[in-house]
Amino acid sequence: MATVNKNLSVYDKATIPNANGLRFGIVVSEWNSEITEGLYSGAIEALLDCGAQESDIIRWDVPGSFELTFGAKKMIKSLKVDAVIAIGSVIQGETKHFDFVCDATAQGIKDLNVTTNVPVIFCVLTDNNMQQAIDRSGGKHGNKGTEAAIAAIKMAVLGS
Ligand code: INI
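Residues numbered from 1 in each chain as written. Predicted model: local features only at pLDDT ≥ 70, side-chain atom pairs only at ≥ 80, totals over all residues. Heavy atoms only, no water.

(A) Examining the sheet that holds strand β1 (residues 24-29) more closely. One open sheet holds the four strands; their spatial order is β2-β1-β3-β4, and the pairing between them is parallel. Two strands close off the open sheet at either side, each with one partner strand: β2 (57-62) and β4 (120-127). For this sheet, the mean inter-axis angle between neighbouring strands, taken without regard to orientation, is 15°. Inspection of the sheet shows β1 paired to strand β3 (residues 83-91) by five bridges, in the parallel sense. Residue G25 lies in a different strand from β3, and its bridge partner there is V84. Along the sheet face, helix α2 (residues 68-78) touches β1, β2, β3 and β4 and points at about 155° away from the line of β1. The strands touched by helix α5 (residues 144-159) within the sheet are β1, β3 and β4, with β4 carrying the most contacts at an inclination of about 160°. (Pairing = 2+ DSSP bridges. Helix = DSSP H or I, 4+ residues; strand = E, 2+ residues; numbered from the N terminus. Axes fitted to C-alpha atoms, helices over the stretch in contact; angles between N-to-C directions. Contact = heavy atoms within 4.5 Å.)

Here you go:
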């Protein structure tokens with residue numbers, strides 16, 4: 001059965017590998033920056049809480065979620081990172097643009113996971129409205145950035 005309203009910020013530290021010595025890249029979309037900055041804060045806090053060093057976390061910004069794939073690809077090629085977190089927020093508007101951006105972003109990140117040896121974590125909120133995004137970037141449903149950081153640590157260890 002699907003988990004209903006799982007709080008995205010809850011994790012059991014005892015079950016998470018120590019992230020000390022692992023290197024993380026974080027690519028952040030500038031669109032809906034009030035949301036993506038909340039996701040970034042959640043991710044950073046969890047990485048540090050689990051033992052990652054600040055000097056081992058590299059942030060790059062890209063204009064929108066559509067550009068996350070290229071940013072993550074370039075990061076994997078230019079830097080030695082153990083995992084990349086791709087952070088974005090796409091909010092439904094009046095046109096089909098939402099669907100194209102969401103599809104391309106999800107497919108692009110999936111393709112990187114298939115074709116490179118560095119895991120790329122999908123930390124992209126795809127919401128019907130701003131309130132849903134607020135609720136998931138440090139609001140009542142927790143922070144998807146936290147969930148993404150925990151996934152990044154687990155996948156970095158799996159890939160190392
Ligand atoms: N990009 C987002 O990250 N979120 C959005 O909500 C959004 N909307 O609504 O248009 C968005 N569009 C920009 C897109 O990601 C690209 O940056 C743009 O198309 C240039 O390639």
